[in-house]
Amino acid sequence: MVASRHSEPLCIGIDGGGSKCRASVVDSDNRVLGTGVAGPANPLHGYAQTIDSIVRSASLALADAGLSPDLLGELVAGVGLAGVNMPSLYNKMASWSHPFRKMYLTTDQHSACLGAHRGGEGAVIIAGTGSCGYAWVGGRAEVLGGHGFPHGDKGSGAWMGMEAVKYLFLALDGLAEESRLKGELLRALGSRDANDVFEKIGGKSSSHYARLAVQVVECAEAGDPVASAIMRDGAGYISDLADKLLEFNAPRLSIIGGLAPRLQPWLAPHVVARLADPLDPPEIGCVHFAQQSMAADISAGEPIAESEGKALFG
């Protein structure tokens, strides 16, 4: 039964990052009714694009659930976004005249952590287009890394792609050893020389560089020494993140993101031994955040009114 204005509202979790925005609408038992995926949703790289991706992914989730698009205004949305750890971007997104019944806004780090531990305390390492470590223990957040590409996000797909391109330019100039990785990168870029390579990657986004992580991982797994060195360096940083997060006494530690399964064999053995499987994906972590925030509002006597767009920072 679809929720109405006078019944428990439907929730939607929306997880937005540098590569895509994924939304899932759930019923009162947190069963996924429908999912939609749209483009990037990091306001640091485009406010208009972020707004469009949020609305588009939510609309696609409703369509996937077989629900009317008119229900967009009935949804309580938990929204976890990359970039909103910056107060200026958080405030800008929080003041958006959104189309939902109510919106609760947090960082993608916090929603990912809540998802991994099904709304409970714990720590998470995100290893996808970007990278960071996050712990939520005793109502307090601890954030490590996540400083953005290209000056941060070590161990991420974007970082691996950038390291690979740095090597490629050296190899094309005869200043670095030949390797299988060189040939695979040239094939992936459709390039023959340094000028061609620069034309393909100059000024490109983090998601563009992250696509080249595929060649790094596959060559490393095949034993290529150059690719293996990149993998070891990135995995060493991720292992250090894990050690630091565990100092905060997090009851569980998970690693998530597109690179997570391919990175795991390269991590320090003692870190692998501490890893627990994530219980829910980040967009369901957004649902947990919305539900927890809504419960706090109700406890405080605040109505879940259609006209409100209150955003909470976790």
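Everything numeric here is computed off the predicted structure, so don't read it as measured data.

A. View of the confidence of the model for the protein chain. For the protein chain, per-residue confidence averages 92 on the pLDDT scale, and 94% of positions sit at 70 or higher. Note on residues 1-6: pLDDT is under 50 here. Beyond four places in sequence and across chains, it has 12 contacts. A low-confidence stretch, residues 306-314 (pLDDT under 50), is modelled with 37 contacts involving residues beyond four sequence positions or located in other chains.

B. Broad picture of the pattern of salt bridges. On inspection of all chains with the given rule, the structure shows 13 salt bridges. A salt bridge links E142 to R140; its shortest N-O distance comes to 3.0 Å. E163 serves as the salt-bridge partner of K166, at 3.2 Å between the closest nitrogen and oxygen. With K166 and E163 both in helix α4 (residues 157-172), this residue pair falls three residues apart, about one helical turn. Accessibility expressed as a relative area gives 46% for K166, which makes it partly exposed. Relative accessible area serves as the criterion here: at 22%, E163 is assigned to the partly exposed category. One network of salt bridges, in which partners are shared, links D27, D29 and R31.

C. Representation of helix α3 (residues 108-116). Here α3 lies mainly inside the structure; nine of its nine residues are buried. Those residues of α3 that fall on the buried side of the exposure criterion are D108, Q109, H110, S111, A112, C113, L114, G115 and A116. A positive phi of about 50 degrees marks R118, the residue just after α3.

D. Expanded view of the pairing of strand β2 (residues 21-26). A large share of β2 lies buried, amounting to five of its six residues. Sheet analysis places strand β1 (residues 11-16) next to β2, joined by six bridges and oriented antiparallel. Paired with D15 across the bridge in β2 is R22. The turn linking β1 back onto β2 is made up of four residues. Here six bridges tie β2 to strand β3 (residues 32-38), and the two strands are oriented antiparallel to one another. Its bridge partner being in β3, V25 is matched across the sheet by G34. Once β2 ends, the chain turns through five residues before running back antiparallel as β3, passing N30 with a positive phi of about 65 degrees.

The rules we used
Residues numbered from 1 in each chain as written. Predicted model: local features only at pLDDT ≥ 70, side-chain atom pairs only at ≥ 80, totals over all residues. Heavy atoms only, no water. pLDDT = per-residue confidence, 0-100. Contact = heavy atoms within 4.5 Å. Salt bridge = Lys/Arg side-chain N within 4 Å of Asp/Glu carboxyl O. Helix = DSSP H or I, 4+ residues; strand = E, 2+ residues; numbered from the N terminus. Buried < 20%, exposed > 50% of the residue type's maximum accessible area, 1.4 Å probe, protein only. Pairing = 2+ DSSP bridges.

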